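Residues per chain, in single letters:
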Amino acid sequence: MTDDQMPAMPEGYLPDALTPLDKPELAPKVAAVEAARRKLVADIDMLDSEVRLEVLFRMESFAWKAVAGVAAAVAGLATTKVLGSVWAKLVPDHDPPKNPIDPDISAKDAILWTALTGLGVGVATVVAQRGAATGWIKATGRKPPALEKTASGKAHAKD
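Let me sum up the structure you'll find in this document.

Cut-offs used in this document
- Residues numbered from 1 in each chain as written.
- Predicted model: local features only at pLDDT ≥ 70, side-chain atom pairs only at ≥ 80, totals over all residues.
- Heavy atoms only, no water.
- Phe/Tyr/Trp six-rings, centres within 6.5 Å; stacked < 30°, edge-to-face > 60°.
- Helix = DSSP H or I, 4+ residues; strand = E, 2+ residues; numbered from the N terminus.
- Buried < 20%, exposed > 50% of the residue type's maximum accessible area, 1.4 Å probe, protein only.
- Salt bridge = Lys/Arg side-chain N within 4 Å of Asp/Glu carboxyl O.
- Patch = residues over 30% accessible without salt bridge, like charges linked within 9 Å, V, L, I, M, F, W, Y side chains within 5 Å.
- Areas by Shrake-Rupley, 256 points an atom, 1.4 Å probe, with all protein chains shown as cover.

## Description of the packing of aromatic side chains
Here's step 1: Enumeration over the complete set of coordinates arrives at two aromatic pairs.
Here's step 2: Taken together, a centroid distance of 5.5 Å and an interplanar angle of 90° make the contact between Trp 87 and Trp 113 edge-to-face. Remark: Trp 113 occurs in helix α2 (residues 107-140) and Trp 87 occurs in helix α1 (residues 27-90); sequence separation between them is 26 residues.
Here's step 3: Owing to a relative accessible area of 2%, Trp 87 belongs among the buried residues under this scheme.

Shown next as structure tokens:
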């Protein structure tokens, strides 16, 4: 902020008896106070900028987590539906287990269903989130916050 942008000093800022014009020995002290005031204004401006950047980062990080989470959830649900159809064709005499820990379900069916859905949902989640990351990059021109690297090469610690 330049001197001409700084707010004017309020009336009575310095008592008339202490103005540098009347007391030249105060001029260095008044100049020091003005320099400190300018530095304080500059520091406040810098802090304001840093806070705004941090808020924007937090908002962007939250938006990315929402996008990635929705992509994973949709992929997981769709994959489970598809695997249910595949199961019905491969094992027509048994429906896919709704709850694999139910003792009424055979251990073989429970383990097979769990392995299929675990693998299928895991792969679908990775594919969906990679697609979401590609879309994010196209939309913003930057990698998602979870993928951005700091100067040290590590992922940003504020996620």
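## Observations concerning the pattern of salt bridges
For side chains of opposite charge, pairing can occur when their charged atoms come near one another.
Here's step 1: Counting across every chain of the model gives five salt bridges.
Here's step 2: In this structure, Arg 52 engages Asp 48 in a salt bridge whose closest nitrogen and oxygen atoms are separated by 3.0 Å. Residue Arg 52 and its partner Asp 48 are located together in helix α1, separated by four residues, close to a single helical turn.
Here's step 3: We classify Arg 52 as exposed; its relative accessible area is 53%.

## So, a nonpolar patch on the surface
Here's step 1: Taken together, the side chains of Leu 47, Val 51, Leu 53, Val 55, Leu 56 and Met 59 make up a nonpolar region of the molecular surface, amounting to roughly 590 Å² of accessible area.
Here's step 2: With respect to the helices, strands and loops of the structure, Val 55 is situated in helix α1.

## Digging into the side chain of Glu 60
Here's step 1: Turning to its location among the elements, Glu 60 is positioned in helix α1.
Here's step 2: Given a relative accessible area of 17%, Glu 60 falls into the buried group.

Keep in mind that these numbers describe shape and distance, not what the molecule does.
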